[in-house]
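Single-letter residue listing:
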Amino acid sequence: MVNSSSPVVNVYPLANYTFGTKEPKMEKDTSVADRLARMKVNYMKEGMRTSVEAILLVQEHNHPHILLLQIGNTFCKLPGGRLKPGENEIEGLKRKLCSKLAVNSPSFPPNWQVGECVAVWWRPNFETVMYPYCPPHITKPKECKKLFIVHLSEREYFAVPRNLKLLAVPLFELYDNVQRYGPVISTIPQQLSRFQFNMVSS
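Model, not experiment: these values are computed from the prediction.

1. A word on helix α1 (residues 32-46)
In this model, α1 (15 residues) spans 20 Å end to end at C-alpha, consistent with the 21 Å of a helix rising 1.5 Å per residue. For α1, every residue scored as buried is listed here: L36, M39, N42 and Y43. Viewed end-on, α1 has its buried residues packed into an arc of 125 degrees, placing them on one side of the element. Exposed side of α1, more than 90 degrees from the buried face: A33, M44 and K45 are the residues found there. Where α1 is buried, its residues meet β3 (49-60), β6 (80-82), β7 (113-123) and β8 (143-151). Backbone geometry just downstream of α1 places G47 in the positive-phi region, at approximately 85 degrees.

2. A look at the side chain of E143
Counting through the fold element by element, E143 comes out in strand β8. Of note is the side chain of E143, whose polar atom sits 3.0 Å from the side chain of R49. Within the local environment of E143, its side chain forms a polar contact with the side chain of S51, the two groups lying 2.6 Å apart. Non-local contacts of E143, meaning those with residues more than four positions away in its chain, are made with R35, M39, M48, R49, S51, W121, W122, R123 and M130.

3. Some words on helix α2 (residues 89-101)
Every α-helix winds through 3.6 residues per turn, so residues three or four apart in the chain are directed the same way. For α2, built from 13 residues, the straight-helix expectation of 18 Å at 1.5 Å per residue is met to within 8% by its first-to-last C-alpha distance of 18 Å. Taken together, the buried positions of α2 are occupied by G92, L93, K96, L97, K100 and L101. Take α2 and look down its axis: the buried residues cluster within an arc of 135 degrees, on one side only. Capping of α2 at its N-terminal end is provided by N88; its side-chain oxygen lies 2.9 Å from the backbone amide nitrogen of I90.

4. Some details on the state of the cysteines
One pass over the structure, following the stated rule, counts zero disulfides. Left without a disulfide partner, C134 is nearest to the cysteine sulfur of C144, which lies 8.7 Å away. Sulfur of C144: no disulfide; nearest cysteine sulfur belongs to C117 and is 8.0 Å away. C144 sits in the buried class, given a relative accessible area of 5%.

5. Points about the packing of aromatic side chains
Tallied over the full model, the rule gives five aromatic pairs. On the basis of an interplanar angle of 15 degrees and a centroid distance of 5.4 Å, the ring pair of F19 and F158 is categorised as stacked. Highlighted residues: F19 in strand β2 (residues 18-22) and F158 in strand β9 (residues 157-161), separated in sequence by 139 residues. Residue classification places F158 among the buried residues on the basis of a relative accessible area of 0%. Here the basic side chain of K142 rests over the ring of F126, its NZ or CZ set 5.5 Å away from the ring centre.

Quick notes on the rules
Starting afresh in each chain, residues are numbered from 1 along the sequence in its written order. Only residues with pLDDT of 70 or above have their local features reported here, since the model is predicted, and side-chain atom pairs are shown and tallied only from 80 upward, although totals for entire chains, interfaces and linings are computed over all residues. Excluded from the side-chain calculation are hydrogens and water; included are all heavy atoms of the structure. Numbering of helices and strands runs from the N terminus, with a helix taken as a DSSP run of H or I at least four residues long and a strand as a DSSP run of E at least two residues long. By this rule the span expected of a helix is its residue count minus one, scaled by 1.5 Å. Burial classes follow relative accessibility: with a 1.4 Å probe on protein chains only, a residue under 20% of its type's maximum area counts as buried, one over 50% as exposed, and anything between as partly exposed. Arc, as used here, means the arc of the directions from the helix axis to the C-beta atoms. Any two residues having at least one pair of non-hydrogen atoms within 4.5 Å are treated as being in contact. Between N or O atoms, a polar contact is any pair within 3.5 Å; within protein, one atom must be a potential hydrogen donor and the other a potential acceptor, and residues adjacent in sequence are included only when both atoms are from side chains. By convention in this document, the label disulfide applies to cysteine sulfur atom pairs within 2.5 Å. Here is the rule: rings of Phe, Tyr and Trp (six-membered ring for Trp) pair when centre to centre is within 6.5 Å. Planes less than 30 degrees apart are stacked, more than 60 are edge-to-face, and the remainder are tilted. The rule for a charge over a ring is simple: NZ of Lys or CZ of Arg within 6 Å of the ring centre, and within 35 degrees of the ring normal.

The following block contains the structure:
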């Protein structure tokens, strides 16, 4: 039984949401090596990279699902991205969510309700590996990534870039599935275990 003091997250059915498309959003890098090289160049100019990502929850079959962007056939990521130097984390995440998922129309203003930070990950070096702590011998980490819960309204309209897919992936599929989703996404079920999910029927 979940403790009554656990923070509550309202989770609405996937069928409540409308999904459209918009112009493609091309990736800046064509490979992991390119991405790490660009990160190195930016680090020399701006210092440590700070990125923010959103955990958007919906439900199907009375079970929480996370919305993930799929690039190509295999790679999945949370919506979000790199902050500009000095940019506020909440405002930066809203900006990134608008860029990735909002309709470019005043008729559908997005209502991103950014909640608490549920995880912080560190990249010690210009490598793919990240840790949920900063190793003690690392004095100049290269990236700090923060994951925030973003509370969805009962109804939203999402516009997904044509070259990407938006998937609703159940927590049981993510759990401990490092090989498919990597260490950050595969540990989201543990990060969310202290929350009480209020499954709101349509």
